[in-house]
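Reading the structure
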Protein chains: 2
Amino acid sequence: MTVKQRELAGKILRRIESGEFSETNRLPTEDQLIEQYGVSRYCVRGAIAVLAEAGEVFPVRGSGVFVREERDGIYMPISTSYGIAADFPDRKVVSQVRELALTRTDEKLAKRMRCDVDAPVWRVVRLRCVDDLPVSYETAWYLKEYVPFLNEDIASGSLYRYMRDDLGLRFGFTDKVIHVDWLGAEAARQLGLKEGDPAICIEDDAFLSNGRLFNASYNLYHYRNARFYSMASMR
Amino acid sequence: MTVKQRELAGKILRRIESGEFSETNRLPTEDQLIEQYGVSRYCVRGAIAVLAEAGEVFPVRGSGVFVREERDGIYMPISTSYGIAADFPDRKVVSQVRELALTRTDEKLAKRMRCDVDAPVWRVVRLRCVDDLPVSYETAWYLKEYVPFLNEDIASGSLYRYMRDDLGLRFGFTDKVIHVDWLGAEAARQLGLKEGDPAICIEDDAFLSNGRLFNASYNLYHYRNARFYSMASMR
DNA sequence: TAGTGGTCTAGACCACAAA
DNA sequence: TTGTGGTCTAGACCACTAT
């Protein structure tokens, strides 16, 4: 969805959260929103789609757009790709860098990253915490071809923001594979769990907008502190 | 996405799979597709969005729509909601009914299903197999209010198709929560694993298009036979 | 029957990639 | 500079809900 539609969705969300619609549980009609914000129906429908995907509202044809009841608990959206920091704007998100080294791809990694063997890559291992709770232990590789420089200071912040704003990279899409894995000794120690404990594992391949892979990662999630949420339309 | 857009996406996908674009790895331009199929740009872009979400193509602004390399392995899309049968049209999907009973909600289930305590519900326990491999052990509850009749014959087929085509229910959306759980004795026996083995657990709440919950389920997935796939745009 | 969201068209202009 | 996909508008008609 576009910036304009997301901004409009934010404005509408603030009205929802203020309780403006809590009597009827219903948003203004599309025509009213067009009128109120001076935009086209395309934008209004885009904004409503953003809110629907986020699980905030559900549109019913012929009837209106209804506000959904609040969900309890804190979950990570499984489909977002801008990192934990963007998912939890209100929370204290800390990335502790456990390793940062410039190495080279072995055969297996080169195959996964669609590059030559011995290609220079940054290897970054981080423990991610939300509100002081360890949430994930992430091992990531970044092709030096696209990320020429990296240091601990940058890696302890939002790497994606650095790459986008400072390096000018434009992201395209990510592939994720989700499965169960078991914690090794070091991962368990970092997450405060026992070796051999199970974890949700998300393997993530991230591509630039030109279709080139620039980042692969292997992320182990704390089985208690991390839960995932996904909302899907059934049409 | 709409039926028309999905059908158009299917036509384009068949051309991709036939190898028609394998030289350039590039789809015809939007204008060419408009011309070829006699539809508007809206429909063409919708069809391309379907293919992009499915991980088949990626559009690059200013350049074209490119065919993605094939992915290896069999993964379940994490966001679809029409059941395993729809996800694997080419495979042998079998549902073995292990329990089917008309019971009543206890306090906890009533809270989850947003209904009264002691409301009549069908409880259905099924083992789902794909190509003779056990994939998931699913416990589901259906409110009798919306599903007045059910039997083993229906439950061993596609329940969703039955509800949609025979009962005339219209689906809206589902909420999923994904986390790790451990197999109990019975689930382990059914899946051919050991008690205490970990499993990906997806708790699924399904709503009708009018926003009413009609189905809750608790699904345990075989840690080896079931892997999930998710593709996300990073814009 | 009136009102609402869903689909579709035609056309404009913008941002970006590649020549 | 040209051609591509991305955003946005205006307007039409359809499918469905509610009365």
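Residues numbered from 1 in each chain as written. Chains lettered and ligands numbered in written order. Predicted model: local features only at pLDDT ≥ 70, side-chain atom pairs only at ≥ 80, totals over all residues. Heavy atoms only, no water.

Some points on the protein's contact with DNA strand D
Neighbouring DNA strand D are 22 residues; A:Thr2, A:Ser40, A:Tyr42, B:Arg41 and B:Gly62 lie closest to it. Sugar and phosphate atoms represent 72% of those atoms of DNA strand D found within 4 Å of the protein. Contact distances for DNA strand D include 3.1 Å between a base nitrogen and a side-chain N or O atom of A:Arg41. A distance of 2.9 Å separates a base nitrogen of DNA strand D from a polar atom in the backbone of B:Gly62. Those elements that place two or more of their residues in the surface near DNA strand D are helix H3 (41-53) of chain A together with helix H3 (41-53), strand E1 (57-60) and strand E2 (64-67) of chain B. (Near = heavy atom within 4 Å. Polar contact = N/O pair within 3.5 Å; in protein donor to acceptor, adjacent residues only side chain to side chain. Helix = DSSP H or I, 4+ residues; strand = E, 2+ residues; numbered from the N terminus.)

Concerning the pattern of salt bridges
When the charged atoms of two side chains lie near each other, side chains of opposite charge can form a pair. Applying the stated criterion across every chain yields a total of 30 salt bridges over all chains. For B:Arg114, the salt bridge identified is with A:Glu69, shortest N-O distance 3.2 Å. Taken as a pair, B:Arg114 in the loop between helix H5 (107-112) and strand E5 (120-130) and A:Glu69 in the loop between strand E2 (64-67) and strand E3 (76-77) lie in two separate chains rather than in one. Note on B:Arg114: relative accessible area 39%, which makes it partly exposed. (Salt bridge = Lys/Arg side-chain N within 4 Å of Asp/Glu carboxyl O. Buried < 20%, exposed > 50% of the residue type's maximum accessible area, 1.4 Å probe, protein only.)

Notes on the sheet that holds strand E8 (residues 198-208) of chain B
Read across the sheet, eight strands follow the order E3(A)-E10(A)-E7(B)-E8(B)-E9(B)-E6(B)-E5(B)-E4(B) without closing on themselves; strand pairing throughout is mixed. Single-partner strands in this sheet number two, and they are E3 of chain A together with strand E4 (93-104) of chain B. As paired strands, E8(B) and strand E9 (residues 213-221) of chain B are joined by eight bridges and run antiparallel to one another. Counterpart to B:Phe207 in the pairing with E9(B) is B:Leu213. (Pairing = 2+ DSSP bridges.)

A closer look at the interface of chain A and chain B
Taken together, the contact pairs 42 residues of chain A with 43 residues of chain B. A combined buried area of about 4,100 Å² lies between chain A and chain B, and 60% of that area is made up of carbon and sulfur atoms. One can count four salt bridges joining chain A with chain B. One salt bridge connects A:Arg68 with B:Asp175, and the closest N-O pair in it is separated by 2.8 Å. Mapped onto the side of chain A that touches chain B, the elements with two or more residues apiece are strand E1 (57-60), strand E7 (171-182), strand E8 (198-208) and strand E10 (228-233) of chain A. Among the elements that take part in the side of chain A that touches chain B, E7(A) stands out by supplying eleven residues, more than any other. Its residues placed into classes, the side of chain A that touches chain B shows 22 nonpolar, ten polar and ten charged. Examined bridge by bridge, E7(A) and strand E10 (residues 228-233) of chain B share six bridges and lie antiparallel to one another. (Contact = heavy atoms within 4.5 Å. Buried area = accessible area lost by both parts, 1.4 Å probe. Nonpolar A, V, L, I, M, F, W, Y, C, P; charged D, E, K, R; others polar.)

As for the packing of aromatic side chains
A complete count under the given rule lists 16 aromatic pairs over all chains for this structure. On the basis of an interplanar angle of 45° and a centroid distance of 5.3 Å, the ring pair of A:Phe58 and B:Phe173 is categorised as tilted. Placement of A:Phe58 in strand E1 and of B:Phe173 in strand E7 (residues 171-182) is noted, with the two residues assigned to different chains. Assessed through its relative accessible area of 5%, B:Phe173 is described here as buried. The interplanar angle of 90° and the centroid separation of 5.1 Å between the aromatic rings of A:Trp182 and B:Tyr223 together place this pair among those described as edge-to-face. You can see A:Trp182 sitting in strand E7 and its partner B:Tyr223 sitting in the loop between E9 and E10, one on each of two chains. (Phe/Tyr/Trp six-rings, centres within 6.5 Å; stacked < 30°, edge-to-face > 60°.)

Considering the domain arrangement of chain A
According to the domain assignment, chain A consists of domain 1 (3-67) and domain 2 (76-229). Between the C-alpha centres of domain 1 of chain A and domain 2 of chain A the distance comes to 34 Å. (Domains from an automatic or database assignment.)

Description of H3(A)
Residue and element names in this part refer to chain A. The first and last C-alpha atoms of H3 sit 18 Å apart over 13 residues, in line with the 18 Å expected at 1.5 Å per residue. Looking only at H3, the buried set comprises Cys43, Val44, Gly46, Ala47, Ile48, Val50, Leu51 and Ala52. In the core, the buried residues of H3 are packed alongside helix H1 (3-17), helix H2 (30-37), E1, E2 and E10. Count one or two residues on from H3 and you reach Gly55, which has phi positive near 80°. (Expected span 1.5 Å × (residues − 1).)

Topic: the relation of the copies chain A and chain B
Superposing chain A onto chain B takes a rotation of 180° combined with a translation of 0.0 Å along the rotation axis, leaving an RMSD of 0.0 Å. On the angle and the small slide along the axis, the relation comes out as a two-fold axis. Proximity to the rotation axis, assessed at the C-alpha, singles out A:Pro198 in chain A; its C-alpha lies 3.1 Å from the axis. Of all interface residues in chain A, 100% are interface residues in chain B too; the two copies therefore contact each other through one and the same surface. (Least-squares fit on C-alpha atoms with pLDDT ≥ 70 in both.)

Some remarks on the side chain of A:Thr105
Along the polypeptide, A:Thr105 turns up in the loop between strand E4 (93-104) and helix H5 (107-112). Ignoring anything within four residues of it in the chain, the contact list for A:Thr105 reads A:Ala110, A:Cys115, A:Asp116, A:Val117, A:Asp118, A:Ala119 and A:Val121.

So, the packing of helix H1 (residues 3-17) of chain B against H3(B)
Residue and element names in this part refer to chain B. Two elements in contact, H1 and H3, have axes whose closest approach is 8 Å; the angle formed by their N-to-C orientations is 65°. The two elements H1 and H3 meet at a crossing, and its hand is right-handed. Residues Lys4, Gln5, Arg6, Leu8, Ala9, Ile12, Leu13 and Ile16 of H1 form the contact with H3, whose participating residues are Tyr42, Cys43, Val44, Gly46, Ala47, Val50 and Leu51. Among the residues making up the contact of H1 with H3, the classes are represented as eleven nonpolar, two polar and two charged. (Axes fitted to C-alpha atoms, helices over the stretch in contact; angles between N-to-C directions. Left-handed = near helix turned anticlockwise from the far one by under 90°.)

Concerning the protein's contact with DNA strand C
Surrounding DNA strand C, one finds 22 residues, the nearest of these being A:Arg41, A:Arg45, B:Thr2, B:Ser40 and B:Tyr42. In DNA strand C, atoms within 4 Å of the protein come 72% from sugar and phosphate. At a separation of 2.9 Å, a sugar or linking oxygen of DNA strand C approaches a polar side-chain atom of B:Arg61. In this structure, a sugar or linking oxygen belonging to DNA strand C sits 3.4 Å away from a main-chain N or O atom of B:Gly62. Broken down by secondary-structure element, the contributors of at least two residues to the surface near DNA strand C are H3, E1 and E2 of chain A together with H3 of chain B. At three residues, the largest contribution of residues to the surface near DNA strand C is made by H3(B). Counted by class, the surface near DNA strand C contains six nonpolar, eight polar and eight charged residues.

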